[in-house]
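Spelled out, the chains give:
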Amino acid sequence: RSNRSVRYISGDWDGCGDLLERESFDLILTAETIYEPKSVPSLLDLLAWCLKPGTGVALVAAKVYYFGVGGGVAPFEEEVRRQGLFHIEHVRSVDDGASNMREVLLLRRKPEG
């Protein structure tokens, strides 16, 4: 038997930290969560709160550009760099030639200090 568990949450990123243990997650998967640029700082704060230091990673799947709302991969990367909490790398691009391109980004918390 494995000692693994999965939890699913949704809601305002500012309130989710109250529901989750600090620095306790090895992996966080999130998709379609960066479409609204105003919510990105809260999402990054939540990821920093939840991920295990040194080993925890987040995979963020998103469209390159969200039409009509201004979010997407480039504004997200800009905010990641501005906050300075994570290393970021592109791990997968999906371009089917018929729809908006998508990216999978890997975030790894930078050491504190």
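Higher on the page you've got the structure.
Residues numbered from 1 in each chain as written. Predicted model: local features only at pLDDT ≥ 70, side-chain atom pairs only at ≥ 80, totals over all residues. Heavy atoms only, no water.

Trainee: Help me understand the side chain of E103 in this model?
Mentor: Assignment of secondary structure puts E103 in strand β4 (residues 102-109). Only 3.0 Å separates the side chain of E103 from the side chain of S93, close enough to count as a polar contact. Ignoring anything within four residues of it in the chain, the contact list for E103 reads V60, A61, A62, V64, V73, H90, R92 and S93. (Helix = DSSP H or I, 4+ residues; strand = E, 2+ residues; numbered from the N terminus. Polar contact = N/O pair within 3.5 Å; in protein donor to acceptor, adjacent residues only side chain to side chain. Contact = heavy atoms within 4.5 Å.)

Trainee: What exactly am I supposed to notice about the state of the cysteines here?
Mentor: With the rule as written, the count across this model stands at zero disulfides. Not part of a disulfide, C16 finds its nearest cysteine sulfur in C50, a span of 8.3 Å. Assessed through its relative accessible area of 2%, C16 is described here as buried. According to the relative accessible area criterion, C50 is buried, its value standing at 1%. (Disulfide = S-S within 2.5 Å. Buried < 20%, exposed > 50% of the residue type's maximum accessible area, 1.4 Å probe, protein only.)

Trainee: Could you clarify how one ought to interpret the sheet that holds strand β1 (residues 27-31) in this entry?
Mentor: Strand pairing in a sheet relies on backbone hydrogen bonds. The paired strands run either parallel or antiparallel. Spatially, the four strands line up as an open sheet ordered β1-β2-β4-β3, and their pairing is mixed. Bordering the open sheet on either side are β1 and β3 (86-94), each of which pairs with just one other strand. Within the sheet, the average angular offset between the axes of one strand and its neighbour, ignoring direction, is 20°. Across eight bridges, the pairing between β3 and β4 is antiparallel. Bridge pairing in β4 links S93 to E103. Contacting β2 (57-63), β3 and β4, helix α3 (residues 73-83) runs over the sheet at an angle of about 165° to β3. (Pairing = 2+ DSSP bridges. Axes fitted to C-alpha atoms, helices over the stretch in contact; angles between N-to-C directions.)

Trainee: Quick question: what am I supposed to make of the nonpolar core here?
Mentor: Most often, soluble globular proteins have nonpolar side chains that are buried together. In terms of nonpolar packing, the biggest core is built from 25 residues, with I34, L44, L47, F76, F86 and L107 touching the most fellow members. Put simply, the parts of the chain that give this core at least two residues each are α1 (13-16), α2 (40-50), β2, α3, β3 and β4. The leading source of residues in this core is α2, at seven residues. Among residues more than four places away in sequence, those in contact with F86 are L44, L47, A48, L51, V80, L107, R108, R109 and K110. (Core = buried A, V, L, I, M, F, W, Y, C linked by side-chain atoms within 4.5 Å.)

These results come straight from atomic positions and should not be treated as a statement about function.
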